[in-house]
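Letter by letter, the chains look like this.
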Amino acid sequence: MTSYRLSRGGRIDRAKPLDFTFDGKPMQGLAGDTLASALLANGRQLVGRSFKYHRPRGILTAGAAEPNALVTIGEGGRTEANTRATLVELYSGLTAKSQNRWPSVDFDLGAVNSLLSPFLGAGFYYKTFMWPAAFWEKVYEPIIRKAAGLGRATYEPDPDSYEKCWAHCDLLVIGAGPTGLAAALTAGRAGARVILADEGFEPGGSLLSETAPVGGKSASDLLAQTLAELADMPNVRMFSRTTVFGWYDGNVFGAVESVQKNTATVDPNRPVERIWRIAARQAILASGAEERPLVFGGNDIPGVMMAGAMRAYLNRQAIAPGKSTVIFTNDASGYATAVDLEAAGLEVAAIVDSRPDAARTWSGKARILSGAVVVDANGGKSLKGVTILNNGRTETISADALGMAGGWSPIIHLACHRGAKPVWSDAKAAFLAPENQEGLTVAGAAAGIGSTESCLADGAGKAASALKVLGFSNSVAAFAEKADTTTVSKPLWRVHGSKGKAFVDYQNDVHLKDLGLAVSEGYGHVELAKRYTTNGMATDQGKLSNINAIGILAEARKISLADVGTTTFRPFYTPLSFGALTGASKGKHFQPVRKSPLHDWAKKNGAVFVETGLWYRSSWFPKAGETTWRESVDREVLNVRENAGICDVSTLGKIEIFGTDAAEFLNRVYCNAFLKLPIGKARYGLMLREDGMIYDDGTTSRLGENHFFMTTTTAYAAGVMNHLEFCAQALWPDLDVQFASSTDQWAQIAVAGPKSRTILQALVDEDISDAAFPFLGAKEVSLCGGTLTGRLFRISFSGELAYELAVPAGYGEAIADAIMAAGKPHGICPYGVEALGVMRIEKGHVTHSEINGTVIPSDLGFAKMVSTTKPDFIGKAMLSREGLTAEDRLSLVGVKPLDPATTFKTGSHILSDGAVPSLENDQGYVSSSCYSPNLGSTIGLALVKHGPKRHGEHVTVWNDLKNEYTKAVLCSPVFFDPENGKLHG
Amino acid sequence: MASLIACPHCGPRPKEEFTIRGDAGIVRPAPDAGEDAWHAYVYLRDNPRGRHKEHWHHTSGCRRWLVVERDTMSHAIHAVSDASTEGATA
Amino acid sequence: MADLAPLHRPALADAKSGSFGAPSTGARITLTALPEGHVLQVLAARGSGDLQDVILRVSDGTPNAVRPYGPGQWFVVGDAALSAAEIFGKTPLLDGRASIADQGHGRVRIGISGRAVEIVLAKGTAVDLDRTKFPVGQSAMTLIGHISALVTRTGTESFEILVLRGFAESLWDELIQMSLEFGVDARTVR
Amino acid sequence: MRYSAFSVFLNALRGNKGWAPAWRSPVPKNRYDVIIIGGGGHGLATAYYLAKEFGVTNVAVLEKGYIGSGNVGRNTTIIRSNYLLQGNNPFYELSMKLWEGLEQDFNFNAMVSQRGVLNLYHSDAQRDAYTRRGNAMRLHGVDADLLDRNAVRQMLPFLDFDNARFPIQGALMQKRGGTVRHDAVAWGYARGADSRGVDIIQNCEVTGIRRENGRVTGVETSQGFIGCGKLALAAAGNSTVVADMVDLKLPIESHVLQAFVSEGLKPFIDNVVTFGAGHFYVSQSDKGGLVFGGDIDGYNSYAQRGNLATVEHVAEAGVAMIPALSRVRVLRSWGGVMDMSMDGSPIIDRTHIDNLYLNAGWCYGGFKATPASGFCYAHLIAKNEPHETGRAFRLDRFARGRMIDEKGVGSQPNLH
């Protein structure tokens, strides 16, 4: 046969040819083709090689269950491996390549594995490759890994965009076949908000390939009329090319829409794929049924195809499966295909029906063999003929196509995503979804219904029922009730007497004998058999293979299918790209950016930024001529201690606290006293967790009788706010206290250094002399001649005379500029978080480097802050436990090298002088360290056993990762100005 | 679960808007309740298969702490209420 | 002592401005940085009862000025900037039944409108914005993508979004991205 | 029958008809010296070591489903011993040493593959924390290397180095870390235990624990009453359910953790890599699937399934780390029930009942611990004395204030 495309028929547009390539070879298809149908039209039956034995494989199905026709499509960053040719809508410029073959799909050296197949049975790798032990990783595993896998993924970045979207509806209808269309029509007419989702590029499902009349009309007319009516309803949304992949709690469905996968010219303004999260009040699953393959020798030879797929290709794309087709069936579907083949003028060599009493009126030309089976298909890279066992006699018929019709399995995947187990039905000879699941009804072929007319009726009827639940009282089913009269035949799980390999799971090359071996070795449980043989674990998730495997296991174990049961259906129904799941949150947009109101001010001043959570903070401000970051930081530190510096601390968490019980509340959430904090004063507070560990620290100021202003660390701002709300709402709802996060309201500026007061006084209207505004003062101030109100706090992290000035964020930059201007004559400089860190370490101030969730106040020298008089505060009760009062807890000390020319790093461990390195001898670790330009040495804070008692002890600071072993001495953590002389300036 | 939680103040909202703290069936003991009571409060959990009350914070919504009664087997949500009205009975 | 009034820097001063995305004209989205006037966060005291009418007293009386986002919690917004003293002056109007936190700089208002505005916002929020469920005047504090914001319907095809200042530019960029398929005109200049 | 290349060859010639069941399906005896509740990795390993190392062979493992149906069959297969704290570090290193000789020991190829585990860091604070951790590992003789950005880039050039929201600064690497074929671990231990006389009883759900005079005398099961001398719990996510039968309240919550696998690919990523700026870890299985996971969903659950939001977070972190994942398709997700303890570390201890033993609280780290957990638990059961290495995993450590909290997040299990 020169062309497999018939000259007439189909739903293709013969006026629209589309050029594409397969393995580099130019080919042409038509609009309305899938890649699979286009390949078939070009006479390309062999499209891939199997996973293990590298057997030649052709196209088996016309849909999502396809196990064989996996190809790599696209180029560069658009390369997509393992793409089902049956689902790809053909477009001009498509490039497709076969996979898992070398050098080519027609001549694949890997096929030698077929010869070794007796040694490569299920689980053989668990029994060998163990000697010599080192060989597994060096020899065996690399070979296995190279051989395994399917397609090759690209390392190039994806040039396209993706997005996610929410949708809401009264009724979600999954599948736009006859059942789904009837359901959508019923709900649409009732005025409900309907979403109808279908994975195909053309809605209609089985109606697209149905040739028999439906309810007195042609299927295509019925389809056209229904779609036209739905299109006119504003309350109905049609999602084409949209696969519903998962059913989640709260009746939320995940769906993926293929927006621009059908074009080589992608519009950058639109995503290529879009994830829908559909919140549906009710849903109808109208996903149809999957035809079962038959398990006989050589059932994987290219040319063997599902009978229903054959019919779909014939009627939708006008594709002939071959010159001479044999149908192997135990179901009516085989006959429907035969009818259509003959109607198209194609030869049907025989209909092999395994049922002895196949009493079907057959008026076609083809010969019927009742009670017969195909035991073996013959051929290599294409089908040559079939061997038939007919009442004890074998017979060979030559044929180049074989259609398999083993009966239908309802597609109930989604209905089982929330834990429900499928239920075996003897009447339907199928696993059905359990009934009465809230929010989801299974309808039509997915519920085991056979005829198209009954599916229409079922879809309409179940939609009407769902609408009733939703309160649409007067809905009318769009199609009248119609009893299903289709008879279900006894499934044929396997054919006995095959000579060739009879495949159960095509893609993973699991054949009949593998399942037998699993049972005899004790892996007969359906889950163990799956794991041992890998049946159902391929990219098709066993859509074709699982049911036959269960039948075969049942036979081998001599129990019923119901007792064997199924493996668990889990999301996703079909594989889903990382890109779609990620949406727009990629690259620099992985997480949002949070910018300080002084970000642009810092940029203007040359800051180098560092990511701090979602914020960017200024690290340091290099000046011309400075070549290392240390140079800049040292200068900033020395300048602050000598003159003054300005630092953006806007990222600290800031919380306004209101209420008549605000003071009482703070007294309970801090371990130190807050009840009597005077108005106009700030206090350092330590917040514990209920288990006694320090949670966060910060200063809280009283701005009014019932108004406090709390600051938190940058990292814990959100956590502290949640914690306060928990305490107020869940623990002590009787207290009158409210919170407003004002982190973003204020630009907060630290001005530190001996000249800070002089500089600030230039902006602040009120007197801020030491007498008027002493250490820990906190008040609203008038700025710039009364043009602005800010808040001034006399607090210090650097140990210098220092202030923090908060101004409304929009004025932050102007005020920072004004401070810089006022400070210029005094030598002010901007400083970043690095210099801030150096100064706080010099002063022995802790941060979350020390407050790491495992320290209690006494570990950090805060024992005296813990109130002994307050009746209750968070964390009080657990502090007295033995482990929290133990002598040997890691506690804060300073550490510095004996030789200032040597250094050490944070994360180094502390060993007693001369001790052998071991965990037993571990004394603690360096939690923070820096170079102190004031001391001319590296200094560190460390958490060390018995820390405070060991000042003066010589130790080794051990950093084996860097081969750095520094002799050092433990000391007070306060390295600089221990008398706090500078603080009071 | 928790694809959607029906916040009593805001209506159904997705899990992403919430912060989960955990067991809401335990009551903070009196300060002097003793070591065992405090140990039980901070560390021991019922962890039932079935209905379970939990504290969920509608962090990206109304910022209220809620008590969500949820089934740990089916993920069905039976009740959602504001933690303050749940009060000390939680 | 400097007595020059300091210059106000809008949060979206440097944000992307102009026309982006599809050239279509029918369903274009307009994104507008609204005036950084006043934003008052009003918090009811414990047991203060129904405060709906009381809250109105501190608003400028324009439609949709009062935006509830939870029990006893409102944002009151308006185009006029208010000084600290003016805000302080409003507190007595609440009869001690609620407190006011000035958020005039902490939160930024963005207007978004166009025929496709519901579709665009559905790319960020799980709130059902169908106009029958979310009529004009309705507000919801919700996540838009990864950012929390208060969404208010101000018209059949227009919404306002109130977002933390630090996230404003990030959200602005995301809203542009979400609108590309319809085409978007982004205006940062008031 | 001993497994070997030779036996595979010989059986192939005989049509693979000579293979015996990997383990028996015995009818339960009336009484065992030791009953282990839970036929997962830890239960089976415990039985194996009880028989092999301590000569205790009159042992039954009771499994309510099929063996390996819990977390050993649904994890991301990673092994490592990169722990920080003294209670954990030697224990996980013991486990690593047992992994290294496991296959030859139990004659089953579990595909232990020391591909190297890299934990990326993206900030100075993370680097410092990894410096502390790496040095703690080295103090115990565990291999650890701190790589800078360039070294990571040479190994894994396809990570996002140029356009990342949180740029990669380096990684802590444990070369000896890697992956193991998870199901095979359960099967190897089961086969090894069975061949030493242990009865593995599947489809046997424990419904009650019988006690007399303050001691356990046996268990009620779906297959009837079975007596025992000692009872050992190894029920992972269902630990509190079993402990409830003896009114033992545990510092444990059960949470769902999802894991994922992609479609099969030709070799794509060689190591185990964890993202430091989000929750994501990935490796590639011998079959070609990318096996990956993220954080727990955050709420109590026994449902073995999770929600879509977590799936999306995991994918977002994955693409942030490896942009080329964008066009790779995720095949399947599943969920395990994690016995999350209050400090993130496990419990191997005696209980208030003399002959009742507890092994629980593995959080999501139970798989890598399987050999050492089995070994130390067997020691405890056989000798009534904790093994030196697992001594810190006491049940009363919370009451005593001796938590082993690697993350420092305290008694909130969904943060561990």
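Rules behind the numbers
- Residues numbered from 1 in each chain as written.
- Chains lettered and ligands numbered in written order.
- Predicted model: local features only at pLDDT ≥ 70, side-chain atom pairs only at ≥ 80, totals over all residues.
- Heavy atoms only, no water.
- Helix = DSSP H or I, 4+ residues; strand = E, 2+ residues; numbered from the N terminus.
- Rg over C-alpha atoms; globule rule 2.2 N^0.38 Å.
- Buried < 20%, exposed > 50% of the residue type's maximum accessible area, 1.4 Å probe, protein only.
- Contact = heavy atoms within 4.5 Å.
- Areas by Shrake-Rupley, 256 points an atom, 1.4 Å probe, with all protein chains shown as cover.
- Lys, Arg positive; Asp, Glu negative; His and termini not counted.
- Charge placed at Lys NZ, Arg CZ, Asp CG, Glu CD.
- Salt bridge = Lys/Arg side-chain N within 4 Å of Asp/Glu carboxyl O.
- Polar contact = N/O pair within 3.5 Å; in protein donor to acceptor, adjacent residues only side chain to side chain.
- Nonpolar A, V, L, I, M, F, W, Y, C, P; charged D, E, K, R; others polar.
- Pairing = 2+ DSSP bridges.
- Axes fitted to C-alpha atoms, helices over the stretch in contact; angles between N-to-C directions.
- Domains from an automatic or database assignment.
- Buried area = accessible area lost by both parts, 1.4 Å probe.
- UniProt positions renumbered as here; feature names shortened; annotations may be inferred.
- Expected span 1.5 Å × (residues − 1).
- Phe/Tyr/Trp six-rings, centres within 6.5 Å; stacked < 30°, edge-to-face > 60°.
- Lys NZ or Arg CZ within 6 Å of the ring centre and 35° of its normal.

Looking now at the overall build of chain D. Scanning chain D from N- to C-terminus turns up 10 helices and 18 strands. Computed over the C-alpha atoms, the radius of gyration of chain D is 21 Å, within 12% of the 22 Å expected from 2.2 N^0.38 for a compact globule of 416 residues. With the principal axes as the frame, chain D shows a C-alpha extent of 65 × 65 × 40 Å. By the burial criterion, 72% of the 416 residues in chain D qualify as buried. Summarising the internal contacts of chain D: among those between residues at least 6 apart in sequence, 74% fall at separations of at least 24. Carbon and sulfur atoms provide 49% of the accessible area of chain D, an area that totals close to 12000 Å². When the 44 positive and 39 negative side-chain charges of chain D are each reduced to one mean point, those points stand 4 Å apart.

Our next topic: the interface of chain A and chain D. In this complex, chain A contributes 120 residues to the contact, which on the side of chain D involves 110 residues. At the junction of chain A and chain D, the tally comes to 15 salt bridges. Residues A:D158 and D:R327 are paired through a salt bridge, measuring 3.0 Å at the closest nitrogen-oxygen approach. Across the contact surface, chain A and chain D share 71 residue pairs in polar contact (both at pLDDT 80 or more). Per-element tally for the side of chain A that touches chain D: the top contributor is helix α4 (residues 135-147) of chain A, with seven residues. Residue classes in the side of chain A that touches chain D are distributed as 48 nonpolar, 37 polar and 35 charged. Taken together, the two bridges between strand β29 (residues 576-577) of chain A and strand β16 (residues 329-341) of chain D define a ladder with antiparallel strand orientation.

Time to look at the sheet that holds strand β15 (residues 304-306) of chain A. Residue and element names in this part refer to chain A. Read across the open sheet, the five strands follow the order β15-β22-β16-β17-β18; overall the sheet is parallel. The open sheet has two free edges, formed respectively by β15 and β18 (367-370), since each of these has just one partner strand. Within the sheet, the average angular offset between the axes of one strand and its neighbour, ignoring direction, is 20°. Of the strands in this sheet, β15, β16 (324-329) and β22 (401-405) touch helix α7 (residues 307-317), which is tilted by about 85° from β15. On top of the sheet, helix α8 (residues 332-343) reaches β16, β17 (347-353), β18 and β22; it is set at about 165° to β16, its chief contact.

What follows concerns the domain arrangement of chain D. All names here are of chain D. Per the domain assignment, the segments of chain D are domain 1 (27-81 + 83-108 + 182-251 + 343-400) and domain 2 (112-178 + 254-341). In this structure, domain 1 and domain 2 have C-alpha centres spaced 28 Å apart. Taken residue by residue, the interface counts 36 residues in domain 1 and 33 residues in domain 2. Across the domain 1/domain 2 interface, buried area totals approximately 2800 Å², and carbon plus sulfur atoms make up 54% of it. Per-residue buried area on domain 1 facing domain 2 is highest for R74, L84 and Y364; these three make up 22% of the total on that side. Our enumeration of links across domain 1 and domain 2 arrives at two salt bridges.

Facing 25 residues of chain B, the contacting portion of chain D comprises 29 residues. Interface area lost by chain B to chain D is led by B:Y43, B:R45 and B:N47, which between them contribute 30%. Where chain B packs against chain D, one counts two salt bridges. The partner of D:K249 in a salt bridge is B:D46, and the shortest N-O contact between them spans 3.2 Å. Where chain B meets chain D, there are 17 residue pairs in polar contact (both at pLDDT 80 or more). Tallied by class, the residues present in the side of chain B that touches chain D amount to nine nonpolar, seven polar and nine charged.

What follows is about the UniProt feature "domain: Rhodanese" (unreviewed entry) in chain D. As annotated by UniProt and renumbered to match this structure, "domain: Rhodanese" (unreviewed entry) occupies residues 34-78 of chain D. For residues 34-78 of chain D, the helix share is 31%, the strand share is 20%, and the end-to-end C-alpha distance is 30 Å.

It is worth spelling out helix α6 (residues 182-195) of chain D at this point. At 3.6 residues per turn, the α-helix brings residues three or four places apart onto the same side. Residues and elements named next belong to chain D. Between its terminal C-alpha atoms α6 stretches 20 Å, which fits the 20 Å expected from 14 residues at 1.5 Å a residue. Extensive coverage of α6 is indicated by the burial of 13 of its 14 residues. The first or second residue beyond α6 is G197, which carries a positive phi of 105°.

All names here are of chain A. Structurally, the position occupied by E656 is in strand β33 (residues 653-658). For E656 and F739, which are 83 residues apart along the polypeptide, the C-alpha to C-alpha distance reads 5.6 Å. Among the polar contacts listed, one links the side chain of E656 to the side chain of S742, at a separation of 2.9 Å. At a separation of 3.2 Å, a polar atom in the side chain of E656 contacts the side chain of W746.

On to the sheet that holds strand β19 (residues 372-379) of chain A, then. Residues and elements named next belong to chain A. Within the open sheet, the three strands sit side by side as β19-β20-β21. Their pairing is antiparallel. What marks the edges here is a single partner per strand, and that holds for β19 and β21 (393-398). The mean angle between the axes of side-by-side strands here comes to 25°, regardless of whether they run parallel or antiparallel. Across seven bridges, β19 lies against strand β20 (residues 383-390) in antiparallel orientation.

A few words on the packing of aromatic side chains. Overall, the coordinates contain 62 aromatic pairs over all chains when judged by the stated rule. When the ring of A:F124 is compared with that of A:F129, the centres are 6.1 Å apart and the planes differ by 70°; the resulting orientation is edge-to-face. Exposure remark for A:F124: the relative accessible area of 14% places this residue in the buried category. In this structure, A:R668 is placed above the aromatic ring of A:W732, and the distance from its NZ or CZ to the ring centre is 5.0 Å. The ring of A:Y925 carries the charged tip of D:R132 above its face, separated from the ring centre by 3.5 Å.

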